[in-house]
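Fold and geometry: a report
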Amino acid sequence: MKTIIEPFRIKSVEPIYVNTPAERAEILSKAHYNLFRVAARDVLIDLLTDSGTSAMSSEQWAGMMRGDESYAGSESFFRFEKTIQDITGLPIVIPTHQGRASEKILFSILGGKGKYFLSNTLFDTTRANIEYSGAEGIDLLCEAGKHPTVPAPFKGNMDTTTLESFIKEKGASHIPLCVLTVTNNSGGGQPVSMENIREVSRICKENRVPMFIDACRFAENAWFIKQREPGYANRSIGDIVREMFSYADGCTMSAKKDAFANIGGFLAMRDSELAMDCRNLLVITEGFPTYGGLAGRDLEAIAIGLREVMDEQYLQYRIRSMEYLTEKLMAAGVPVMQPAGGHAVYLDAAAFLPHIPASELPGQALACALYLEGGVRSVEIGTLMFGKYDANGHTVPAQMELVRMAVPRRVYTQSHIDYVAEVVIEVFQKRDNIKGLRIIEESALLRHFTAKLAPIDNK
Ligand code: F0G
């Protein structure tokens, strides 16, 4: 088989400013060993997130010029609405400025004390919006999803047995919504099978619990279904996507992922009463229902991006990039999450740095080492992000110590990915020299964004 090439040419480029390890050591120290504090200019390959970092196509840029900036009833809104209706089959479309704005609106209406929202895995902002309303978020991930280095085809699936028993135990009246996140970002970008979507939907319908899809990476999920699920190999991505949404009562979407947009999102649904409540809140928080916190030009870019992302050449290249990096790392013995996810490669920092205990933040130490070695920026998903303290002030570690390398869409080429593999492998070879970190300053909420850290030297 021939090399799977990037299915695009590059028309506009942005410089990468090369710096030296000595300069990076200085930068890292000034940033207090927190990569969120490092300026983008000082990063060579930025794998912090795949959100809002996509390269837009020439068609999208052309669409930007067509953007109709009318306050009410803009042409761009009607194109946006029709595209989403066509792709998802969901009749009601409400634009928002990004995914969490959709979540804020939805969970302000449906949430509240004593309520439970069930999911395969809620993304951080989704969980935060649920908890902010006073409700509880419950993750019911399937067993296969809990073992990072054991491969399985659909590790994002929800555990339907516990779903049924949870609904029975708490009563459907306390469960306003079930949310299936596709692909499962927090679980490593792992896909959810059509069979699982269908089964979750059946259980929800039987119990009159509505089911929404957190659709950020819907096209990547559809590609995995086409590749891995019996009966879907000859179906088009558009067809698979439509079937996925046919089981749902609605969706929340961040257009910063599978719509190649730098900003934007939407809510879509079938229930017109719920939609009325959402629009009421939209008007006081986001904007009028035909722009919802976006410019007309953003609506155009999203509408075009949503169709482009379902292109099979693109999806093949996209998913292959993650597999390619995963394979290179595995061949060198690097502990990496398997199989490769849709948008990111996850390193198992606990296995990578067994000499660093969770209290000394092995994930963050690894993320810093990758930056020092090659200017690669990743993100820790471990004890810095999710750790807590017990009553005695001792660290309660996160379940896993992971480092996520999320790949922006259509931005980096194969040689960039080769370079990333080289950096990770070099760090792996020198792993015994990597030291742990301690927190010297932190905030009460979401501390990983702003915390200041220092290396633990005396070991
Ligand atoms: N749901 C999922 C599954 C996400 O991955 C994100 C964002 C959101 C909702 C929220 O969307 O950022 O537009 O408000 N994930 C980004 C990330 C931030 O880096 O994974 P948003």
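Shown above is the structure to which this text applies.
Report on the accompanying structure. (Residues numbered from 1 in each chain as written. Predicted model: local features only at pLDDT ≥ 70, side-chain atom pairs only at ≥ 80, totals over all residues. Heavy atoms only, no water.)

**Observations regarding the sheet that holds strand S9 (residues 344-348)**
Strand pairing in a sheet is mediated by backbone hydrogen bonds. Such pairs are either parallel or antiparallel. Here three strands make up an open sheet; going across it, the order is S9-S14-S11 and the pairing antiparallel. Lying at the two open borders of the sheet, with one neighbouring strand each, are S9 and strand S11 (379-381). The average undirected angle you get between the axes of adjacent strands in this sheet is 30°. Bridge count between S9 and strand S14 (residues 402-406): five bridges; the pairing is antiparallel. (Pairing = 2+ DSSP bridges. Helix = DSSP H or I, 4+ residues; strand = E, 2+ residues; numbered from the N terminus. Axes fitted to C-alpha atoms, helices over the stretch in contact; angles between N-to-C directions.)

**Overview of the sheet that holds strand S4 (residues 136-139)**
Pairing is mixed in the open sheet, where seven strands are placed in the order S2-S8-S7-S6-S5-S3-S4. Edge positions in the sheet fall to strand S2 (92-96) and S4, since each of these pairs with one other strand and no more. Neighbouring strand axes in the sheet, compared pairwise and without regard to direction, differ in orientation by 20° on average. Pairing analysis gives four bridges linking strand S5 (residues 177-181) to strand S6 (residues 211-214), with the strands arranged parallel. Considered in S6, the bridge of Val179 is made with Phe212. Along the sheet, helix H10 (residues 272-285) makes contact with S2, S6 and strand S8 (265-269), crossing S2 at roughly 20°. (Contact = heavy atoms within 4.5 Å.)

**Some thoughts on helix H6 (residues 160-170)**
Regarding H6, the residues found buried are Thr160, Leu163, Phe166 and Ile167. Along the long axis of H6, the arc covered by the buried residues comes to 115°, so they all point the same way. Those residues of H6 that are exposed and aimed more than 90 degrees away from the buried face are Thr161, Lys168 and Glu169. Packing partners of the buried residues in H6 comprise strand S3 (116-119), S4, S5 and helix H7 (194-206). The N-cap residue of H6 is Asp159: its side-chain oxygen and the backbone nitrogen of Thr161 are 3.1 Å apart. Of the residues one or two after H6, Gly171 is the one with positive phi, at around 90°. (Buried < 20%, exposed > 50% of the residue type's maximum accessible area, 1.4 Å probe, protein only. Arc of directions from axis to C-beta. Polar contact = N/O pair within 3.5 Å; in protein donor to acceptor, adjacent residues only side chain to side chain.)

**Here we look at the packing of helix H3 (residues 75-88) against helix H11 (residues 296-308)**
At their nearest, the axes of H3 and H11 sit 8 Å apart, and the two run at 25° to each other. With respect to H11, the axis of H3 lies roughly parallel. For the crossing formed where H3 meets H11, the hand is left-handed. Contacts between H3 and H11 involve Ser76, Phe77, Arg79, Phe80, Thr83, Ile84, Asp86 and Ile87 from the first element and Gly296, Leu299, Glu300, Ile302, Ala303, Leu306 and Arg307 from the second. Considering only residue class, the contact of H3 with H11 consists of eight nonpolar, three polar and four charged. (Parallel < 35°, antiparallel > 145°, perpendicular 65-115°, else oblique. Left-handed = near helix turned anticlockwise from the far one by under 90°. Nonpolar A, V, L, I, M, F, W, Y, C, P; charged D, E, K, R; others polar.)

Bear in mind that shape data such as this cannot, by itself, settle questions of function.
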